[in-house]
Every structure is written in structure tokens, then in C-alpha cells.
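# Coordinate inspection notes
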Amino acid sequence: TIARTAIIAGNWKMNFGPKQAASFTSNILPTLGKITRANPHVLSIICPPAISLAAVHEVMEAMPAPHIELGAQNMYFEEKGAFTGEISPEMVKELCTTVILGHSERRGYFHENDELVNKKVLAALNHGLRPIICVGENLAQYESGKTHSFIETQIQHSLANLDATQAKQIVIAYEPIWAIGTGKAATAEGANQVIHFIRHTYTAMYGQTAADTIHILYGGSVTGANIADFIAYADIDGALIGGSSIKSDFAEILQKTA
Ligand code: PEP
């Protein structure tokens, strides 16, 4: 198997305006930087709310730390214009390397479907942004054994129409909805099994090399106490962290991944 770097991404969700975001970043960044400096194979990506990106970017410029990047939590696919409340790929690119797309909260509360997510994925790639595309089944689907068929559809539709280069540049986050923010993480074995299936699905779409190159993360109630279980599995390349990303726990997660 191919050795992939580990990615630990933090999705702050709707927490921390510019002032709090700057002070939290100032506090945690020296610790994160110490970890990534000693472990160049780990990459950490911090994803604050859009309004706080500039404030966090400023702190990161003042305290350079290797392999720590900035990401947005969402964006629109259009270039510019009359799209009130939205931010464009070009705007995100000014400050970020990465953008989370199709998070289950976007899909659920804001009615984003696979077709829209696919447009955003293509826009991100066309602007040189690294998309982290989230997929995952809900509890009813999980309990009725529909996880694989549901996720296969999400992957096929959300990740359609990439060219050969783009197909190697994405990150997928497998986030079972029943595990997000519930404190009930998937078992590491169960997560690895679904992630293996995602890689298999992706192989059928874009070939073995692309499937071996992309990172696939697990997300859902990851903490400092359980991260080691997940990254011990070969198919799990890191984690997308919600609740624990706005606590000192985030540094512990990164440390245990390194
Ligand atoms: C998420 O929302 O991406 C997530 C994984 O949340 P949590 O870690 O809080 O379950």
C-alpha cells in the first residue's frame, strides 16, 4: 500500500467570531506548530467560520508553523455577482488552501444535494483549492443496512466529472451522521470498512492510482481518547474533527496522529 500523509482537519462550525478565533489560534498554534515541525508527514487544516478567516490568517502569518493550513467550511460555485450571503472560490483562495464541501449540516439544514456539491467540488479544483467532500449515512440508513448503497451514490454523484489530475487532488471525509456531535463514534473497524468501500468505489470511477493517492478521513465524535484507534487502520488517513477542534483536545489529537 501507498504511504499517505495524515490529515487532521478542524471544522469549527458556527463557533468563534474574529476576536475569539484570533485568541484561540494564538493560544493553540505554538503547540500545533511544534507537533508538525517534528512530524512533517502530518498536515493540519483549521476551518473557522468565513467571517473569522482573515483574523486567523493574520495570526498564522505572524506565527509561522509548517504544515498548518487554513480552510473554509463552505463556498458557492459561481465566480462573483448577485449571490447574497455567499463567498466565491476566488475569495476563499485569497486566504485558504482548502474548503469543506457537502458537510452533512449543509446537506441537512441548507438542502445541499449531490449535484450542487459536485458543482462546488469542480469550482474548488478549478481554482486550485483542495476540497474536503463529506459523505455519510443517517441512522435509519445505517440500521437498515443501506450504508454502502447510499454512500456509493453520494460518491458517484458528488465526485462526478473530475479530470485525471483533479481526481488525485481531493480529500473525502466519511462522516456517519449518527456519529456527528453525538459522542457515539463509529468503531474504528467499522469506519475502516466503509472507508475501504469508498476507496473501492473511487477506484471504479478514476482508477487505482487516483484511489491510492487521495486521502479519506473519518469524522464523528473523534477525541484525543479515540483518535489512535482510527489512524491505526491502513485505509483511514486522518480525521475531520468538529467539537474537539475548538478545545485543547485538538492538539492532543494531532499529537497522537503524529
Ligand atoms: C463534523 O461535524 O465534521 C464532526 C466530525 O463533528 P464532531 O467531531 O463534533 O462529531
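Let me begin by describing the structure that accompanies this report. Small disclaimer: the values here were computed from a predicted structure and weren't measured.

Our focus in this paragraph is the nonpolar core. In this structure, Ile133, Ile172, Tyr174 and Ala239 are the most contacted members of the largest nonpolar core, which totals 76 residues. The greatest single-element share of this core, amounting to seven residues, is contributed by helix H1 (residues 18–38). Here alanine 239 is in contact with Ile8, Leu217, Tyr218, Gly219, Val222, Ile227, Phe230 and Ile253, once residues within four sequence places are set aside.

A positive phi angle, near 55 degrees, is found at lysine 13, a position not held by glycine. Mapped onto the secondary structure, lysine 13 falls in the loop between strand E1 (6–11) and H1. Unlike most non-glycine residues, serine 221 shows phi in positive territory, near 60 degrees. For serine 221, the location among the structural elements is in the loop between strand E7 (215–219) and helix H10 (227–231). Residue serine 221 is classed as buried on the basis of its 20 C-beta neighbours within 10 Å.

With that settled, the discussion passes to the packing of H1 against helix H2 (residues 53–62). Pairs of packed helices are described in terms of their axes, by the angle between the two and the distance that separates them. Two elements in contact, H1 and H2, have axes whose closest approach is 8 Å; the angle formed by their N-to-C orientations is 30 degrees. The angle between H1 and H2 falls in the class roughly parallel. Classified by chirality, the crossing of H2 by H1 is right-handed. Residues Pro18, Ala21, Ala22, Thr25, Ser26 and Leu29 of H1 pack against Ala55, Val56, Val59 and Met60 of H2.

What counts, and at which threshold
- Residues numbered from 1 in each chain as written.
- Predicted model: local features only at pLDDT ≥ 70, side-chain atom pairs only at ≥ 80, totals over all residues.
- Core = buried A, V, L, I, M, F, W, Y, C linked by C-beta atoms within 7 Å.
- Buried ≥ 20, exposed ≤ 12 C-beta atoms within 10 Å, placed from the backbone.
- Helix = DSSP H or I, 4+ residues; strand = E, 2+ residues; numbered from the N terminus.
- Contact = placed C-beta atoms within 7 Å.
- Axes fitted to C-alpha atoms, helices over the stretch in contact; angles between N-to-C directions.
- Parallel < 35°, antiparallel > 145°, perpendicular 65-115°, else oblique.
- Left-handed = near helix turned anticlockwise from the far one by under 90°.

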